[in-house]
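Survey of secondary and tertiary structure
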Amino acid sequence: MSRKKDKPRILEQVLVEDYAAEGKSLSRVDGKVIFIEGAVPGDVVDVRLGKSKKDWAEGKVSRIHTFSADRTAPFCSHFGICGGCKWQMLPYKKQLEHKQNEVEQNLRRLGRIPLPSIMPIIGCDKTERYRNKLEFTFSNRRYKTGEEMQLHPLAEQPPSDPALGFHVPRLFDKVIDITTCHLMEEPVNLIKNTIREFSIQQSYPFYDIRQHTGWLRNLIVRISTTGEVMVNICLAYEEKTEREKLLHHLLKQVPSITTLLYTINNKKNDSLFDLLPQTYYGPGYITERLEDLQFKISPKSFFQTNTRQAEKLYQVTRNFCELTGNETVYDLYCGTGSIGIFTSRQAKKVIGVELIPEAIADAEENARINNIRHTAFFTGDVIDICRDNFFEQNGNPDVIITDPPRAGMHEKLVRKILEIQAPLVVYVSCNSATQARDLQLLYEKYEVTQVQPVDMFPHTHHIENVVQLKRRSLPDTGF
Ligand code: SAH
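The sections below set out a description of the structure shown in this document. (Residues numbered from 1 in each chain as written. Predicted model: local features only at pLDDT ≥ 70, side-chain atom pairs only at ≥ 80, totals over all residues. Heavy atoms only, no water.)

1. What to know about the overall build of the protein
Within the protein, the regular secondary structure consists of 11 helices and 23 strands. Taking 479 residues into account, the globule formula puts the C-alpha radius of gyration at 23 Å, and the protein, at 25 Å, falls close to it. Its C-alpha atoms give the protein principal-axis dimensions of about 90 × 65 × 35 Å. Within the protein, buried positions represent 52% of all 479 residues. Of the contacts formed within the protein by residues at least 6 apart in sequence, a portion of 64% connects residues at least 24 apart. Accessible surface computed for the protein: about 22700 Å², of which carbon and sulfur atoms make up 51%. A gap of 3 Å separates the mean positions of the 63 positive and 61 negative side-chain charges of the protein. (Helix = DSSP H or I, 4+ residues; strand = E, 2+ residues; numbered from the N terminus. Rg over C-alpha atoms; globule rule 2.2 N^0.38 Å. Buried < 20%, exposed > 50% of the residue type's maximum accessible area, 1.4 Å probe, protein only. Contact = heavy atoms within 4.5 Å. Areas by Shrake-Rupley, 256 points an atom, 1.4 Å probe, with all protein chains shown as cover. Lys, Arg positive; Asp, Glu negative; His and termini not counted. Charge placed at Lys NZ, Arg CZ, Asp CG, Glu CD.)

Below is the structure:
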């Protein structure tokens with residue numbers, strides 16, 4: 001039962017019916033579909049409405065009346081406020097069921113092409129402490145819960161209230177003070193809490209994102225499966241004596257740090273790409289391993305954030321390539337070349353294409369470290385690089401691997417693949433909706449022969465999906 005109250009912004013006692021896309025659930029109220037954040041099918045909840053259109057509306061749970069039998073107790077004390085692991089209230093098995101279903105629905109409804117049966121999703125063995133990289137923000141505006149605000153009205157609150165943690169979703173200037181994050185192995189929490197305590201004790205100013213004042217800005221921690229630990233502290237300006245004091249203290253408290261860097265960032269935004277991290281201690285990078293291959297990770301390098309699952313994702317991708325050792329493989333959107341390098345031992349040659357020059361430099365370095373000489377990497381937009389003469393110069397592709405960002409492939413690239421007609425295409429995607437759209441276009445010449453979803457991010461709605469496509473045999477022309 002549901003009814004609208006006098007105050008139209010709250011829907012009361014809504015029975016949540018089903019899962020929807022992007023980690024939301026849905027319900028139908030008076031003929032309108034309501035997309036709900038923070039609920040699970042089977043819950044009965046009050047919903048605070050946000051955007052509302054004729055046929056649908058969006059809202060957030062404001063109160064739970066009845067808990068769904070599907071629910072489990074969240075393991076993190078920051079759950080409900082932090083946007084990081086939104087699905088903790090669902091047992092992992094249920095999360096996987098839903099992800100499998102989402103891939104099926106997207107490919108069938110949006111793709112509308114014949115499909116083989118979709119293989120059961122490959123889940124993670126480790127559902128906590130699975131990330132190899134986390135970025136925390138320093139802020140002088142700590143997020144406070146409604147209860148805290150009632151206990152200490154605004155007038156009584158200190159002008160600066162330091163926090164080190166994650167941004168609150170949709171509140172750009174508020175940061176949740178995270179004590180324990182379960183997404184990464186230790187010493188991540190020890191590092192974070194040591195820096196926070198020391199900085200408060202020393203009265204170091206935490207950054208004010210509205211005024212662009214303060215000293216401490218970001219903290220990036222990366223831990224490899226080989227046990228190496230890289231820490232990069234971003235500061236708004238150089239303050240040598242205090243910086244050395246802070247870094248020295250951190251190293252003393254956390255001796256397992258293998259590389260300690262700092263980066264001066266006096267820009268308004270937080271992005272690192274145009275900044276120069278400085279090494280204070282250690283070699284300035286860490287090394288990650290996938291099977292027996294090594295990958296150098298510099299402070300600005302991209303690397304899949306769940307190493308163990310990246311290995312599985314790449315194994316699926318390599319299997320789908322059906323390599324015998326004689327193939328020319330193109331790795332489009334190759335990033336730091338990891339998929340191409342991973343498949344290279346079974347191929348005659350691997351050609352990588354990627355937009356970001358630093359990623360290509362890492363790809364070349366990674367090939368060199370692993371003594372792989374039959375790869376070549378090219379910097380540029382895939383649609384500018386992948387022209388006829390590029391394929392003429394580098395060899396006709398036997399296999400094309402494509403791993404585009406969430407927006408999927410540019411239509412021009414899809415057209416080019418249809419024109420080039422490699423016998424086999426392997427499409428790795430982090431968004432099965434855009435993948436479905438591209439598969440529909442590719443269906444003109446390719447049929448989908450295998451589909452394998454892989455979960456890389458437990459407790460979130462994100463899902464990777466690998467699809468194998470084979471060139472369809474052309475109709476018999478009678479000649
Ligand atoms: N295959 C890699 C990275 C995939 S992420 C891995 O597994 O690690 C997608 C990559 O596509 C990013 O590195 C991004 O920089 C790159 N990219 C985005 N748009 C691009 C374009 N138009 N042309 C080439 N590369 C692009």
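2. Comments concerning empty space enclosed by the protein
Summary: where empty space remains is shown by rolling a probe the size of a single water molecule over the atoms. Counted under the stated rule, the structure contains 2 cavities of 30 Å³ or more. The space that makes up the largest cavity amounts to roughly 110 Å³. What lines the largest cavity is a set of 15 residues, and nearest its centre among them are C76, C82, G84, C85 and Q88. Taken together, the residues of the lining of the largest cavity break down into 9 nonpolar, 6 polar and no charged. T137, F138, S139, H167, Y207, D208, I209, R217, N218 and D270 are the residues that line the second largest cavity. Contributions of two or more residues to the lining of the second largest cavity are made by β8 (133–139) and β11 (216–223). (1 Å grid on protein atoms, 1.4 Å probe; cavity = no way out; pocket = protein on both sides within 12 Å on 5 of 7 lines; lining within 4 Å. Points joined across faces, edges and corners; volume = space filled by probe spheres on them. Nonpolar A, V, L, I, M, F, W, Y, C, P; charged D, E, K, R; others polar.)

3. Section: the layout of surface pockets
Computed from the structure, the second largest pocket encloses a volume of approximately 770 Å³. Taken together, 24 residues make up the lining of the second largest pocket; nearest its centre are G38, K60, V61, G80 and I81. Looking at the lining of the second largest pocket element by element, the count peaks at 5 residues for strand β7 (residues 56–66).

4. Remarks on the nonpolar core
Counting residues in each nonpolar core, the largest one holds 73 residues, and the members touching the most others are I191, L219, V231, I233, L250 and I257. Considering every element that reaches this core, the biggest residue donor is helix α5 (residues 307–321), with 6 residues. Here this core spans two domains, since at least three of its residues come from each of domain 2 (96–126 + 306–471) and domain 3 (133–290). Setting aside its immediate chain neighbours within four residues, V231 contacts I191, L219, I220, L250, I257, T259, L260 and L261. In this structure, V103, V425, Y427 and L469 belong to the second largest nonpolar core, which totals 38 residues. (Core = buried A, V, L, I, M, F, W, Y, C linked by side-chain atoms within 4.5 Å. Domains from an automatic or database assignment.)

5. Regarding the site of the ligand
Around the ligand sit 16 residues, and of these Y314, Y333, E354, V382 and D403 come closest. With respect to the ligand, the side chain of D381 contributes an N or O atom lying 3.1 Å from a nitrogen atom. In the model, a nitrogen atom of the ligand is placed 3.0 Å from a nitrogen or oxygen of the V382 main chain. Computed on the free molecule, the ligand has an accessible area of 570 Å², of which 84% lies beneath the protein chains in the complex. Residues belonging to the shell around the ligand are distributed by class as follows: 9 nonpolar, 4 polar and 3 charged. (Near = heavy atom within 4 Å. Polar contact = N/O pair within 3.5 Å; in protein donor to acceptor, adjacent residues only side chain to side chain.)

6. Here's the deal with the environment of N366
The topology assignment puts N366 in helix α7 (residues 357–369). Given the relative accessible area of 2%, N366 is considered buried. Ignoring any residue separated from it by four or fewer positions in sequence, one finds N366 in contact with Q294, F295, K296, T336 and I341.

7. Quick look at the sheet that holds strand β19 (residues 375–379)
Spatial ordering of the open sheet is given by β19-β18-β17-β20-β21-β23-β22, a layout of 7 strands whose pairing is mixed. A strand with exactly one partner marks an edge of an open sheet, and here the two such strands are β19 and β22 (446–454). Direction aside, the axes of adjacent strands within the sheet are offset by 15° on average. Across the face of the sheet, helix α1 (residues 92–111) comes into contact with β22 and β23 (464–471) while running at roughly 160° to β22. Across the sheet, helix α11 (residues 432–442) touches β21 (424–429), β22 and β23, and the angle it forms with β21 is around 160°. (Pairing = 2+ DSSP bridges. Axes fitted to C-alpha atoms, helices over the stretch in contact; angles between N-to-C directions.)

8. Digging into the pairing of β11
When you tally the buried positions in β11, you get 8 out of 8 residues, the bulk of the element. Direction of pairing for β8 relative to β11: antiparallel, over a ladder of 5 bridges. Residue pairing across strands places F136 opposite L219, the latter belonging to β11. The pairing of β11 with strand β12 (residues 229–235) spans 7 bridges and is classified as antiparallel.

9. A short note on the pairing of strand β17 (residues 328–332)
Across the 5 residues that make up β17, a large majority, 5, are buried. Neither face of β17 is exposed, since T328, Y330 and L332 on one face and V329 and D331 on the opposite face are all buried. Bridge count between β17 and strand β20 (residues 399–402): 4 bridges; the pairing is parallel. Note that in β20 the partner of L332 across the bridge is T402.

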